[in-house]
Every structure is written in C-alpha cells, then in structure tokens.
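Given next are the chains, with one letter for each unit.
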Amino acid sequence: MNTWIAVGVFAVVAASIPAIMVQVSKLLRPSVPEKGKETVYESGEVPTGGTRLHFNIQYYMVALLFLVFDIETVLILPWTVIYQDAVRAVGTGPALYPMLVFIAVLVVGLAWAWRTGVIRWAQRNTPETHT
C-alpha cells in the first residue's frame, strides 16, 4: 500500500474524530435554555458597551517578538551544552558557524523590528495633548 494513502486515511480519521465527538455531544447534552446562558460572561458583571473593541496591534507584536526571542533562548541553551563535544567531534568551524548564522538572522530581525518601530510603544493622543 502506498504510504501517502495511509497518511491520507490518518488525516481523514484525525479530522473526523473531533467533528464526530462535537456532534455526539450536541445530541446527548441536556438543553435547558435560559437567559443567563446567552449573555456574555464578564466575571458576573453586567456587560457594558459594544462587543467590538479596538486593540492596539503593539500588544501582538510584542508578544510575537517575545516568542521569537524565547525560542532563541530555548535553541541556544542545548547548543551551549554540547558545544565542547561538537568541537572535539567535528572541529570549531562546523560546530560554531550554524549557530552564528542563526544568531545573525535573529539580529537582522531585531534590527528590522527596531527600525520599523515595532519595539517603540505607540503613544495615544489624548484630548489634553491634542492642542
């Protein structure tokens, strides 16, 4: 049997199991409609205002930068642990150059983020400063 057929069958089964479970749970669960279940949950408080809120994109950009540099730390730490053994096995160049390239790519990304202002926090125009 072709291995791609097995992969396709596995993908179909993996996608259908959650869909089937959701449908079965909809059929089996009790349906007790009440007003409290249809309201938006906000820690027991009565919701005020509209549901559409505008968020500053800076929050997401900072989070993405944090993830990138957090992953950098996770990848550099094991490399530092095995560096001496790698130098003995393959020499200094083959052990050092891939990590230097990796760090260089991250430095270029940091420079881009710095230059485009992703790291700089946006200032909000308030009525007091809006003269």
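Not measured: the values here are computed from a predicted model. (Residues numbered from 1 in each chain as written. Predicted model: local features only at pLDDT ≥ 70, side-chain atom pairs only at ≥ 80, totals over all residues. Heavy atoms only, no water.)

Undergrad: How would you summarise the overall build of the protein chain if you had to cite specific residues and measurements?
TA: When helices and strands are tallied, the protein chain shows four helices and zero strands. In sequence order, the protein chain lays out its α and β elements as α-α-α-α. Here the protein chain, with 131 residues, has 8% of them falling under the buried criterion. Sequence separation of 24 or more characterises 62% of the internal contacts of the protein chain that already satisfy a separation of 6 or more. (Helix = DSSP H or I, 4+ residues; strand = E, 2+ residues; numbered from the N terminus. Buried < 20%, exposed > 50% of the residue type's maximum accessible area, 1.4 Å probe, protein only. Contact = heavy atoms within 4.5 Å.)

Undergrad: Let's hear about the confidence of the model for the protein chain: which residues, and what values?
TA: Per-residue confidence for the protein chain gives a mean pLDDT of 82; residues scoring 70 or more make up 82%. Across the protein chain, helix α1 (residues 3–28) holds the top mean pLDDT of 93, while helix α2 (residues 35–38) sits lowest at 69. (pLDDT = per-residue confidence, 0-100.)

Undergrad: Account for a nonpolar patch on the surface, naming residues and giving values.
TA: Side chains of Leu 53, Phe 55, Ile 57, Tyr 59, Tyr 60, Val 62 and Trp 121 sit close together on the surface and give an oily, nonpolar patch of about 800 Å² of accessible area. Relative to the assigned elements, Tyr 59 resides in helix α3 (residues 57–90). On the basis of relative accessibility, which here comes to 51%, the residue Tyr 59 falls in the exposed class. (Patch = residues over 30% accessible without salt bridge, like charges linked within 9 Å, V, L, I, M, F, W, Y side chains within 5 Å. Areas by Shrake-Rupley, 256 points an atom, 1.4 Å probe, with all protein chains shown as cover. Salt bridge = Lys/Arg side-chain N within 4 Å of Asp/Glu carboxyl O.)

Undergrad: I'd like to hear about the packing of α3 against helix α4 (residues 92–116), residue by residue, with values.
TA: Here α3 crosses α4 at 165°, and the two axes come no closer than 9 Å. By the angle between their axes, α3 is roughly antiparallel relative to α4. As for how α3 packs across α4, the hand of that crossing is left-handed. Within the contact between the two elements, α3 uses Leu 65, Val 68, Phe 69, Glu 72, Leu 75, Ile 76, Trp 79, Tyr 83, Ala 86, Val 87 and Val 90 and α4 uses Thr 92, Pro 94, Ala 95, Leu 96, Met 99, Phe 102, Ile 103, Leu 106, Leu 110 and Ala 113. Across the contact of α3 with α4, the residue classes tally to 19 nonpolar, one polar and one charged. (Axes fitted to C-alpha atoms, helices over the stretch in contact; angles between N-to-C directions. Parallel < 35°, antiparallel > 145°, perpendicular 65-115°, else oblique. Left-handed = near helix turned anticlockwise from the far one by under 90°. Nonpolar A, V, L, I, M, F, W, Y, C, P; charged D, E, K, R; others polar.)

Undergrad: Quick one: what's the story with α3, residue by residue and with numbers?
TA: For α3, the principal kink sits at Tyr 83 and spans about 55°. When α3 is considered as a whole, its buried residues turn out to be Gln 58, Leu 65, Glu 72 and Ile 76. Looking at the buried positions of α3, the neighbouring elements they touch are α4. Positive phi shows up at Gly 91, right after α3, with a value of about 100°. (Bend = angle between axes of the 7 residues up to and from the residue.)

Undergrad: Explain the side chain of Glu 72 residue by residue, including any values.
TA: Structurally, the position occupied by Glu 72 is in helix α3. The side chain of Glu 72 is buried and forms no salt bridge, while Arg 115, the nearest opposite charge, is found at 20 Å. Setting aside residues up to four positions removed in sequence, Glu 72 forms contacts with Phe 102 and Leu 106. (Lys, Arg positive; Asp, Glu negative; His and termini not counted.)

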